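The primary structure of each chain is shown beneath.
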Amino acid sequence: IAVGHDSVWVANSLSDSVSRIDPDKGAVVATIPVDDQPVALAVVEDGLWVANARSGTVSHVTSGQQPTVERVQAGNDPHAIAAGLDAVWVANSQDGTVNRIDPATGSIDKTIPVGPDPTGLALGAGSVWVSSGSGGGVKRIDPESGVVASVALGSQSGGISTGSVWLWVGVRGPAAGRRARAA
């Protein structure tokens, strides 16, 4: 689920589409075909980016009256997506990589190895943060250089989010979540 353009957007993994919902009416106003198994969404100024897990693609959907859909081949099993820091970022869980997509050209300009099973992305404190579902912990990517650093927060991390100061990460084990200073 993502919010933007006066709408709520929902990925429909079983029907390979995204739905645009008018929150005032509580009604679906458009359903747009994308690619196989959309699983993650990121709203941008001109529309929406969608990670399609099964097809290994990312779809860029424009938000106008007649939306268009452009596809970019990503890595294997893109599972998370975030937009910001002058790029669209896609975590490919089976490749252990993150793609940096130039939103102006719609092309991948960097593929960054981050370790096993990247399944979550967050942007904050001038960095790209990546969580791993199978033991890779948390990684911090410098968006300009692509340099990756490990952050010790637990081996199996899940959901990830940033605030003004803190990075919040869901982890498996006795502690349900952890935080680290993002700034």
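The structure this text deals with has already been given above.
Every value quoted in this text rests on a predicted model; they were computed, and no experiment measured them.

Q: Give a detailed account of the overall build of the chain, specifying residues and quantitative values.
A: Each helix and strand in the chain was counted, giving zero helices and 19 strands. Relative to a compact globule of 183 residues, whose C-alpha radius of gyration would be 16 Å, the chain shows 16 Å and is just as compact. Taking the principal axes of its C-alpha atoms as reference, the chain extends roughly 45 × 35 × 30 Å. The buried share of the chain, taken over its 183 residues, is 45%. Across the chain, every contact between residues at least 6 apart in sequence was considered, and the portion connecting residues at least 24 apart equals 31%. Charge separation in the chain, taken as the distance between the mean sites of 12 positive and 17 negative side-chain charges, equals 11 Å.

Q: Give me the lowdown on the layout of surface pockets, citing residues and values where you can.
A: Unfilled space is identified by rolling a water-sized probe across the atoms. By volume, the largest pocket amounts to about 160 Å³. Along the walls of the largest pocket sit 13 residues, with Arg20, Val29, Ala30, Ser63 and Gly64 positioned nearest its centre. When contributions to the lining of the largest pocket are tallied by element, the ones reaching two or more residues are β2 (7–12), β3 (17–22) and β4 (27–33). Tallying contributions element by element places β4 first for the lining of the largest pocket, with three residues. By residue class, the composition of the lining of the largest pocket is five nonpolar, five polar and three charged.

Q: So what's going on with the sheet that holds β3? Residues and values would help.
A: In spatial order, the strands read β1-β2-β3-β4; together these four strands make up an open sheet with antiparallel pairing. Of all the strands in the sheet, the pair left with one neighbour each is β1 (2–4) and β4. Looking at each pair of strands side by side, their axes are set apart by 25° on average, direction ignored. Sheet topology note: the β2/β3 ladder contains five bridges and is antiparallel. Looking at the pairing, Val10 lines up with Ser19 of β3.

Conventions adopted
- Residues numbered from 1 in each chain as written.
- Predicted model: local features only at pLDDT ≥ 70, side-chain atom pairs only at ≥ 80, totals over all residues.
- Heavy atoms only, no water.
- Helix = DSSP H or I, 4+ residues; strand = E, 2+ residues; numbered from the N terminus.
- Rg over C-alpha atoms; globule rule 2.2 N^0.38 Å.
- Buried < 20%, exposed > 50% of the residue type's maximum accessible area, 1.4 Å probe, protein only.
- Contact = heavy atoms within 4.5 Å.
- Lys, Arg positive; Asp, Glu negative; His and termini not counted.
- Charge placed at Lys NZ, Arg CZ, Asp CG, Glu CD.
- 1 Å grid on protein atoms, 1.4 Å probe; cavity = no way out; pocket = protein on both sides within 12 Å on 5 of 7 lines; lining within 4 Å.
- Points joined across faces, edges and corners; volume = space filled by probe spheres on them.
- Nonpolar A, V, L, I, M, F, W, Y, C, P; charged D, E, K, R; others polar.
- Pairing = 2+ DSSP bridges.
- Axes fitted to C-alpha atoms, helices over the stretch in contact; angles between N-to-C directions.

These figures come from the coordinates and say nothing about function on their own.
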